[in-house]
Amino acid sequence: MVRSIQPNVESTVQSSVFPTLRTPSGDVPADAPRWNPQRPSAMPHHRYRPADERVALPLTDRTWPSRRLERAPLWVPVDLRDGNQALAEPMDTARKRRMFDLLVAMGFKEIEVGYPSASQTDFDFVRHLADSGAVPDDVTVSVFTPARRDLIDRTVASVEGLPRVLVHLYTATAPTWRDVVLGRSRAEVGELIRGAATYLMRRAEERPGADIRFQFSPEVFNLTEPDFVLEVCNGLTELWEASPDRPVIHNLPATVEIATPNVYADQIEYMDRHLARRDSVILSVHPHNDRGTGVACAELAVLAGAQRVEGCLFGNGERTGNVDLVTLALNLYAQGVNPMIDFSDIDAVREVVEYCNRLPIHPRHPYVGELVHTAFSGTHQDAISKGMAHHAKQAADSGVPAEEIPWAVPYLPIDPGDIGRTYEEVIRINSQSGKGGMAYLLQVHHGLDLPQAMRPDFSRVVQRVTDATGRELSHKELLELFRTTYIIPAEEGPVRLLSWSTSETAPGEHRFTCTVHADGRERSCQGTGNGPLSALTDALRAVGVAVDILSYAEHATGTGPDSPAVAYIECDVDGVTCWGAGWDTSVLSSTVHAVMSAVNRAGSA
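For the protein chain, an unreviewed UniProt entry supplies the name 2-isopropylmalate synthase and the organism Sinosporangium album. Per its UniProt entry, the protein chain bears the Subcellular location (unreviewed entry) comment "Cytoplasm".

**Student:** Give me the overall build of the protein chain: which residues, what numbers.
**Tutor:** Across its full length, the protein chain carries 18 helices and 16 strands. Its C-alpha radius of gyration of 35 Å places the protein chain more than 25% over the 25 Å reference for a compact globule of 605 residues. When its C-alpha atoms are laid out on the principal axes, the protein chain stretches across 105 × 70 × 45 Å. Counting all 605 residues of the protein chain, 50% fall into the buried class. For the protein chain, the share of sequence-separated contacts (at least 6 apart) that also reach a separation of at least 24 residues comes to 64%. With the model as given, the accessible surface of the protein chain reaches about 28,400 Å², and the carbon-plus-sulfur share is 50%.

**Student:** Break down the nonpolar core for me, citing the residues and quoting the values.
**Tutor:** In terms of nonpolar packing, the biggest core is built from 95 residues, with W75, V113, W240, I268 and L313 touching the most fellow members. Non-local contacts of V113, meaning those with residues more than four positions away in its chain, are made with L80, K96, F100, F125, V126, L129, V141, S142 and V143. If you look at the next biggest cluster of nonpolar residues, it comprises 28 residues, including F512, V516, L540 and V543.

**Student:** Any details on the sheet that holds strand 7 (residues 211–219)? Residues and values, ideally.
**Tutor:** Strand order in the open sheet formed by eight strands is 3-10-9-8-7-6-5-4, with parallel pairing between adjacent strands. Two strands close off the open sheet at either side, each with one partner strand: strand 3 (74–77) and strand 4 (110–114). Each neighbouring strand pair of the sheet contributes to a mean axis angle of 30°, computed without reference to strand direction. Relative to strand 10 (residues 308–311), strand 3 runs parallel, the two being bridged by four bridges. Following the sheet pairing, W75 is matched in strand 10 by V309. Each of strand 5 (140–146) and strand 6 (164–172) touches helix 5 (residues 149–158); the most contacted strand, strand 5, lies at about 160° to it.

**Student:** Residue-level account of the sheet that holds strand 15 (residues 565–573), with values.
**Tutor:** The sheet built from three strands is open, its strands ordered 14-15-16 with antiparallel pairing. At either end of the open sheet lies a strand with only one pairing partner, and these are strand 14 (547–556) and strand 16 (576–584). Going from strand to strand, the sheet's axes swing by 15° on average, the running direction of each strand aside. Pairing geometry for strand 15 and strand 16, over nine bridges, is antiparallel. Bridge pairing in strand 16 places C571 opposite C578.

**Student:** Kindly report on the pattern of salt bridges, identifying the contributing residues and their values.
**Tutor:** Taken as a whole, this structure holds 34 salt bridges when the rule is applied. The salt bridge involving K109 is made with D138; its shortest N-O contact spans 2.7 Å. Placement of K109 in the loop between helix 3 (93–106) and strand 4 and of D138 in the loop between helix 4 (120–132) and strand 5 is noted, with a sequence separation of 29 residues between them. The class of K109 is partly exposed, set by a relative accessible area of 37%. Given a relative accessible area of 44%, D138 falls into the partly exposed group. Put simply, D61, R67, E269 and R273 are held in one network by salt bridges that share partners.

**Student:** Tell me about the environment of L481, and please be specific about residues and values.
**Tutor:** Note on placement: L481 falls in helix 16 (residues 475–492). In this structure, the C-alpha to C-alpha distance between L481 and V461, residues 20 residues apart in sequence, is 8.3 Å. Excluding anything up to four places from it in sequence, L481 contacts F458, V461, V462, V465 and L473.

**Student:** Please give an account of the domain arrangement of the protein chain that cites residues and values.
**Tutor:** When cut into domains, the protein chain gives domain 1 (66–341) and domain 2 (486–603). Taking only C-alpha atoms, the centre of domain 1 and the centre of domain 2 are 74 Å apart.

Quick notes on the rules
Residues numbered from 1 in each chain as written. Predicted model: local features only at pLDDT ≥ 70, side-chain atom pairs only at ≥ 80, totals over all residues. Heavy atoms only, no water. UniProt positions renumbered as here; feature names shortened; annotations may be inferred. Helix = DSSP H or I, 4+ residues; strand = E, 2+ residues; numbered from the N terminus. Rg over C-alpha atoms; globule rule 2.2 N^0.38 Å. Buried < 20%, exposed > 50% of the residue type's maximum accessible area, 1.4 Å probe, protein only. Contact = heavy atoms within 4.5 Å. Areas by Shrake-Rupley, 256 points an atom, 1.4 Å probe, with all protein chains shown as cover. Core = buried A, V, L, I, M, F, W, Y, C linked by side-chain atoms within 4.5 Å. Pairing = 2+ DSSP bridges. Axes fitted to C-alpha atoms, helices over the stretch in contact; angles between N-to-C directions. Salt bridge = Lys/Arg side-chain N within 4 Å of Asp/Glu carboxyl O. Domains from an automatic or database assignment.

Below, the structure written as structure tokens:
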């Protein structure tokens, strides 16, 4: 529905191409620089309030901007609870167990496994973990419960027999939630939380041999008055008798992102400074991604004093998702910090997550997406190709394996090999690609090291094909295109050698004898020169072909005596400059074929 526009804004222009859009047409703001002609949109932005009008932001002398991330926080995956409740098809016990086993194998030591009072499936899974002995000795299981006695009872019943349990109690505390959802005053919500926390502690005391710890989340912390959060959290720290060797967890979620990440960092640093008995509290964060800045919120929160981060693998969760633990951990890794979690086979992790969530992971998702280590752009490909060659040379010169020396390859923040990726997909060829990319693929996959001067020539050939087809070329298709462009012309062109031989008649003097098919007939020719190729070009003059060799390169395509050799030759053929290539187990044969390729390509130019 088209809304009426705001006062003092001119009528919007209706787009003829996109008739549902209202092209901004108000006056350019008076204070806008001349280079910015953007006009006000008719969208009703006045309906929304900035963060500083919604919640007090008391911190002014922040110190977090000058800190560095030097160690990983405690990572706590909530895929089996928070992530699971966001799925169209929540996980059954089998899928939950597969996800749990993955998380354990990756090295997570605290795992939120469910919301046992919310569904029989979640309750049954927690019982499955207890009955099957699936929880390793150093892993703590976390379960989630609202601040209601009957639901606390159900939660406590679910964890019977588990050796180490964290019970995660939560209640919404922000004013809008208090007024709209709970219908309670600030004092009433505080009493509700304290009553539930007291009841939870008594229920835990009924199991004297069990190791049960407590966590509290003031839901929508980022929109709750800071003094109220402190009042509630400090009261629970005292009530639960927290100590340094048995700390409580206060988890401060950005349940719905409403501000830039620096605001959340300020809120966390304020809590870090003012929480009572700080050495008995683990300060935890749980950012969501409503503004697309969940990762930044978590990173800045850790700078600000957070010690624990809750999130999901690859960011699954309600609305736009929870913070992405994989991205967070590998961001640290890319800064030289041990992530404390194993991502050495990222594709196996992705496979399990996609299977359990029944959701695909975007091909551009950081680190794990199918295309994140792939370059199509020609300039990027050239830089990567040179970077990989430089890296290999550094490793060889230092005598250290390539996978152990410092990584510094342009456009690749980490070595794809470190997370189980091959280099096969680093460079791919389409209409945006350049000479460096196609040369890299031919070298890596087929042993062809095209001379620098030849690469623009083949790049133009590749460009014509990709422009015409509009699709990507595989490395096999690239090789076939190289073969048809440079190898086949020697065998199928209008000028062909039907037979030939060469001999050294005297020191520094060579004779080339051949039968040539040209102009539809066969002729026997002979030429001399200071080498086999100069003798060949002399013989070709007999059939009216003037050839001058401008540059030449050759190399083996592999190791061993039977490895084919490839030769690249640039020739001036009757005034036309052209490249040719030959491929044979004989170096001499490959060079002869390369000359004939250039001759025939020049004739068809």
